[in-house]
Structure formats: structure tokens, C-alpha cells
Amino acid sequence: MAAFSFLFLVFCAQAASAEAQRGQVTNLPLPRYVSMKAAEGNVRRGPSLTHRIDWVFKRRDMPLQITAEYGNWRKVQDRDGAGGWVHYALLSGVRTVLVEQDMLPVYASPDQNAPINAHFELGVVARLGKCSLDWCRISAGGYRGWTRKSNLWGVDATELRD
């Protein structure tokens with residue numbers, strides 16, 4: 001009987017874990033990446049207008065990671081782990097990434113021997129395009145090309161995009 005109880009508890013924990021990987025409101029995967037639609041967005045301690053504003057995000061297109069949902073509110077965090085609750089209307093599904101290496105080479109094709117199209121500075125916010133297992137196509141400031149996924153924040157290591 002003890003073995004059955006243990007297996008039942010393991011099954012319940014796995015089921016709860018699977019449910020926790022989807023948003024209660026949107027049924028979309030958690031965590032997931034989005035970007036700031038607005039030029040400014042209040043970040044609150046809790047999911048309502050009555051909660052105190054801790055700070056304001058002030059960078060349109062900044063990539064953010066959604067970690068929880070509650071009604072019209074999304075719990076987000078930035079690259080540094082700072083975050084809180086923002087209203088969903090301030091967010092966009094348009095994917096962007098943050099360049100994490102200074103003078104990051106952006107290649108004409110997903111190959112380090114390909115010609116370099118541009119170099120992106122540390123902290124540049126770029127639009128995210130296709131991604132293979134190791135490479136992503138990005139664009140910013142009229143330049144586009146491929147770079148290693150490991151040099152970007154805002155895309156999961158195993159994420160593939162067409």
C-alpha cells in the first residue's frame with residue numbers, strides 16, 4: 001500500500017508540474033518571452049491597480065520573460081531578474097532579444113566563416129527572426145544577419161523558430 005501511495009503522490013506532482021507550465025489565463029507556455037509594446041510601463045508589486053508601483057520600464061521593444069498570469073496581469077522579469085506585474089496591454093508578442101556581447105558579429109549566414117554584415121553593441125535590442133538549434137537571425141538599425149543564440153537574451157537555448 002505504501003508503494004501505491006508513493007506512486008500516486010509522484011503522479012500528482014508530475015500532473016501539477018505539467019499544469020504549472022501553462023498560463024492559467026492564456027494557456028500559453030510559462031515561462032515565455034514577449035516585448036514591451038509601450039514606451040513606458042508601470043511595474044507593480046501585485047496584479048492590480050491598487051498595488052504599489054515599484055518602478056517603470058522605459059524601453060519600448062525590451063524583451064521580457066512572463067513567469068505568471070493573473071487575469072489581465074502578467075508577472076514579468078527583465079534580463080537582470082528585475083520585474084513585477086504589468087498589464088497585458090503593455091506587452092506585445094513580437095519577439096525581441098537583448099545582445100549580451102559587445103561588438104557582436106552578425107553574419108550573412110549561420111556560419112562563423114560567412115561574411116560579417118554588422119557588429120551590434122552590448123545592450124542593443126534586436127528583432128528576433130528564425131532560430132536553429134545554435135543560431136538566430138536578428139535585425140536592428142537596418143542591419144540583419146545571423147549570430148550564435150548563446151549571445152542573446154530573450155530566446156531559450158532549445159527554442160526553434162521558422
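Worth saying up front: this structure is predicted, and the values here are computed from it rather than measured.

Basis of the calculations
Residues numbered from 1 in each chain as written. Predicted model: local features only at pLDDT ≥ 70, side-chain atom pairs only at ≥ 80, totals over all residues. Heavy atoms only, no water. Core = buried A, V, L, I, M, F, W, Y, C linked by side-chain atoms within 4.5 Å. Buried < 20%, exposed > 50% of the residue type's maximum accessible area, 1.4 Å probe, protein only. Helix = DSSP H or I, 4+ residues; strand = E, 2+ residues; numbered from the N terminus. Salt bridge = Lys/Arg side-chain N within 4 Å of Asp/Glu carboxyl O. Disulfide = S-S within 2.5 Å.

Counting 16 residues, the largest nonpolar core has M36, F57, L64, I66, V76 and L91 as its most contacted members. The set of elements that each furnish at least two residues to this core consists of strand 1 (32–36) and strand 4 (63–70). Core analysis: the next-biggest nonpolar cluster, separate from the first, contains 14 residues, V99, L104, F120 and I138 among them.

Let us now look at the pattern of salt bridges. Taken as a whole, this structure holds six salt bridges when the rule is applied. Measuring nitrogen to oxygen at the nearest pair gives 3.7 Å for the salt bridge that ties E40 to K58. Placement of the pair is E40 in the loop between strand 1 and strand 2 (41–44) and K58 in the loop between strand 3 (53–57) and strand 4, with a sequence separation of 18 residues. Judged by relative accessible area, which is 48%, E40 ranks as partly exposed. Overall, K58 belongs to the exposed group, its relative accessible area being 61%. One connected set of salt bridges, linked through shared partners, spans R45, R52 and D54.

Right, let's get into the state of the cysteines. Scanning all chains against the criterion turns up one disulfide. Covalently, C131 is tied to C136 through a disulfide, its sulfur atoms 2.1 Å apart. When the S-S torsion is 110 degrees, as for the bridge of C131 with C136, the disulfide is right-handed. You can call C131 buried: its relative accessible area is 5%. Here C136 falls in the buried class, since its relative accessible area comes to 0%.

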